[in-house]
Amino acid sequence: IYNNKSYVVTSIGESAFDGCSSLRLINNVWTKSSIASLPMKLEEIKNKVFQNCAFSILQLPEELKTIGYRAFGNCVNLVSVDIPDQTEQIYYSAFEGCVKLKNIYLSESLTDISGAFINCPKIDGVYADKVKPFSITFDTFDDAVYQNATLYVDKKYKSDFEKTYAWSRFKHIY
């Protein structure tokens, strides 16, 4: 509210919080973990918005459509991200350097995540059980992730994932 008028936040500008290494809390949410809970009507997170921030859990709004280049780059405490069902695109390097990231839950609307999870070596679960296979590049995940993590998919699409370039690099597909 500004001058007694309400506004809806639908986008956060490029580099808005870049380098705020003490940023752990958004929207007055507090638990033992540092949680980032973003505005409900947010549709776009532009490039480098939260790069180098310190939160460990990320709650993305349901209406989010796009996550920009390095939007969460080097958020070294981030352990889990659940991509909302409306999200269509995650730009290259969006989560690059999130070295503690363990679990990724992909949305059914995604069409591109190429290169989004570079240098995230601790990923051990990629949950793609809501999606049909779509094209990704070989560098979407680190080699160690392809070798050690489990890709969880819908049974009816398992053989499609096993045949689709880059997805087929996962040694463990269930």
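Look up a bit, the structure's there.
Criteria and cut-off values
Residues numbered from 1 in each chain as written. Predicted model: local features only at pLDDT ≥ 70, side-chain atom pairs only at ≥ 80, totals over all residues. Heavy atoms only, no water. Phe/Tyr/Trp six-rings, centres within 6.5 Å; stacked < 30°, edge-to-face > 60°. Helix = DSSP H or I, 4+ residues; strand = E, 2+ residues; numbered from the N terminus. Buried < 20%, exposed > 50% of the residue type's maximum accessible area, 1.4 Å probe, protein only. Contact = heavy atoms within 4.5 Å.

Caption draft 1: View of the packing of aromatic side chains. All told, the structure shown has 14 aromatic pairs when counted by the stated rule. Relative to Tyr 127, the ring of Tyr 105 lies with its centre 4.5 Å away and its plane at 15 degrees, an arrangement referred to as stacked. Taken together, the positions of Tyr 105 in strand S8 (residues 103-105) and Tyr 127 in strand S9 (residues 125-128) put the pair 22 residues apart, joining distant regions of the chain. You can call Tyr 105 partly exposed: its relative accessible area is 30%. Among the aromatic residues, those joined into a ring-pair cluster are Phe 50, Phe 55, Phe 72, Phe 95, Phe 117, Phe 134, Phe 141, Tyr 146, Phe 161, Trp 167 and Phe 170.

Caption draft 2: Quick peek at the side chain of Thr 66. Looking at the secondary structure, you find Thr 66 in strand S5 (residues 66-67). Excluding anything up to four places from it in sequence, Thr 66 contacts Glu 43, Glu 44, Ile 45, Gln 89 and Tyr 91.

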